[in-house]
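# Coordinate inspection notes
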Amino acid sequence: MVWWNRSSLQGNYKSRIRVGDYFHSMFEHKPLGYAAAAAHYLSSALHKTPQASYNMAICYKQAKGVPKDTELSELFMADVLRFDKTGTAKWPVYLTQRYFGVVEWVGRYGLVILLVLVIWLFLFTVMVGVLLIYDTYYTHHTTYTNPNTNPNTNNGNQQANT
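Everything numeric here is computed off the predicted structure, so don't read it as measured data.

### A look at the overall build of the protein chain
- Scanning the protein chain from terminus to terminus reveals six helices and zero strands.
- For the protein chain, the proportion of its 162 residues judged to be buried stands at 24%.
- Long-range pairs, those at least 24 residues apart, make up 38% of the contacts in the protein chain between residues at least 6 apart in sequence.
- Only carbon and sulfur atoms are counted for the fraction: they give 62% of the accessible area of the protein chain, which is about 12600 Å².

This is the structure:
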């Protein structure tokens, strides 16, 4: 950590990302750790580093160390694609954007989806109960007669009185 910090102070922005990762992982769930990580990521992102821009986008999207701001998150994601010289950041950015879209959609409509599932489960249970009652009633209270047999003939089930 000491060497990364010294290297980052000398202008090595990959080391600054490493220091930000250290603060993000070691002081997880503590506001100062996230704020320090965001400060290191921002310092490196200002020097057009795609990884730092990606990390800043995540920080803004999840409100880790900075206030939640989806517009800045989208701008940093656009910077990732703009700063990437090799073209390897397209899929991670695409998948991250889709993931956050799904998370927002579930957050917005999750209660509605849960309510629909509960109603569907209730209706399914009621229909199964109705079918079981119907089946039980008609199998025990009705008699089946075969139309091909004559009820006046002896089928061998009873002995004839002689």
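### Topic: helix H4 (residues 50–62)
- Over its 13 residues, H4 extends 18 Å from the first C-alpha to the last, a length consistent with the 18 Å expected when each residue adds 1.5 Å.
- The complete set of buried residues in H4 reads Ala52, Ser53, Asn55, Met56, Ala57, Ile58, Cys59, Tyr60 and Lys61.
- Within two residues after H4, Ala63 carries a phi angle of roughly 55 degrees, on the positive side.

### Let's talk about the packing of aromatic side chains
- If you walk through the whole model with that rule in mind, you get six aromatic pairs.
- For the ring pair Trp91 and Tyr94, a centre distance of 5.6 Å and an interplane angle of 90 degrees mean the geometry is edge-to-face. In this pair, Trp91 and Tyr94 both sit in helix H6 (residues 90–141), three residues apart, roughly one turn of the helix.
- Its relative accessible area of 59% is what places Trp91 among the exposed residues.
- For Tyr94, a relative accessible area of 39% translates into the label partly exposed.
- Centroid distance Tyr99 to Phe100: 5.4 Å. Interplanar angle 55 degrees. Geometry classified as tilted.
- Assessed through its relative accessible area of 11%, Phe100 is described here as buried.

### Quick look at helix H3 (residues 31–45)
- When the terminal C-alpha atoms of H3 are compared, their 20 Å separation across 15 residues agrees well with the 21 Å that a helix rising 1.5 Å per residue should span.
- Looking at H3, one finds that the buried residues are Gly33, Tyr34, Ala36, Ala37, Ala38, His40, Tyr41, Ser44 and Ala45.

### Description of the nonpolar core
- Ranked by size, the top nonpolar core spans 21 residues in total, and within it Tyr41, Met56, Val66 and Phe76 carry the most contacts.
- Broken down by secondary-structure element, the contributors of at least two residues to this core are helix H2 (13–26), H3, H4, helix H5 (70–83) and H6.
- Of all the elements, H4 adds the most residues to this core, at six residues.
- Other than its neighbours up to four places away in sequence, Phe76 contacts Leu42, Ala45, Ser53, Met56, Ala57 and Tyr60.

### Focus on the packing of H4 against H5
- Their axes nearest at 8 Å, the elements H4 and H5 cross at an angle of 165 degrees. The angle between H4 and H5 falls in the class roughly antiparallel. The interaxial crossing formed by H4 with H5 has left-handed handedness. Touching Pro50, Ser53, Tyr54, Met56, Ala57, Ile58, Tyr60 and Lys61 of H4 are Thr70, Leu72, Ser73, Glu74, Phe76, Met77, Asp79, Val80 and Phe83, all from H5.
- Taken together, the residues that form the contact of H4 with H5 break down as eleven nonpolar, three polar and three charged.

### Some words on the side chain of His40
- Structurally, the position occupied by His40 is in helix H3.
- When near neighbours in sequence (up to four residues on either side) are disregarded, His40 contacts Arg16, Val19, Gly20 and Phe23.

### Details of the side chain of Ser53
- As for its position among the elements, Ser53 is in helix H4.
- Classification of Ser53 by relative accessible area gives buried; the value is 0%.

### Brief notes about a nonpolar patch on the surface
- The grouping of Val102, Trp105, Val106, Tyr109, Val112, Ile113, Val116 and Leu117 at the surface amounts to a nonpolar patch, some 720 Å² of accessible area in total.
- Position of Val112 relative to the elements: it lies in helix H6.

Calculation criteria
Residues numbered from 1 in each chain as written. Predicted model: local features only at pLDDT ≥ 70, side-chain atom pairs only at ≥ 80, totals over all residues. Heavy atoms only, no water. Helix = DSSP H or I, 4+ residues; strand = E, 2+ residues; numbered from the N terminus. Buried < 20%, exposed > 50% of the residue type's maximum accessible area, 1.4 Å probe, protein only. Contact = heavy atoms within 4.5 Å. Areas by Shrake-Rupley, 256 points an atom, 1.4 Å probe, with all protein chains shown as cover. Expected span 1.5 Å × (residues − 1). Phe/Tyr/Trp six-rings, centres within 6.5 Å; stacked < 30°, edge-to-face > 60°. Core = buried A, V, L, I, M, F, W, Y, C linked by side-chain atoms within 4.5 Å. Axes fitted to C-alpha atoms, helices over the stretch in contact; angles between N-to-C directions. Parallel < 35°, antiparallel > 145°, perpendicular 65-115°, else oblique. Left-handed = near helix turned anticlockwise from the far one by under 90°. Nonpolar A, V, L, I, M, F, W, Y, C, P; charged D, E, K, R; others polar. Patch = residues over 30% accessible without salt bridge, like charges linked within 9 Å, V, L, I, M, F, W, Y side chains within 5 Å. Salt bridge = Lys/Arg side-chain N within 4 Å of Asp/Glu carboxyl O.

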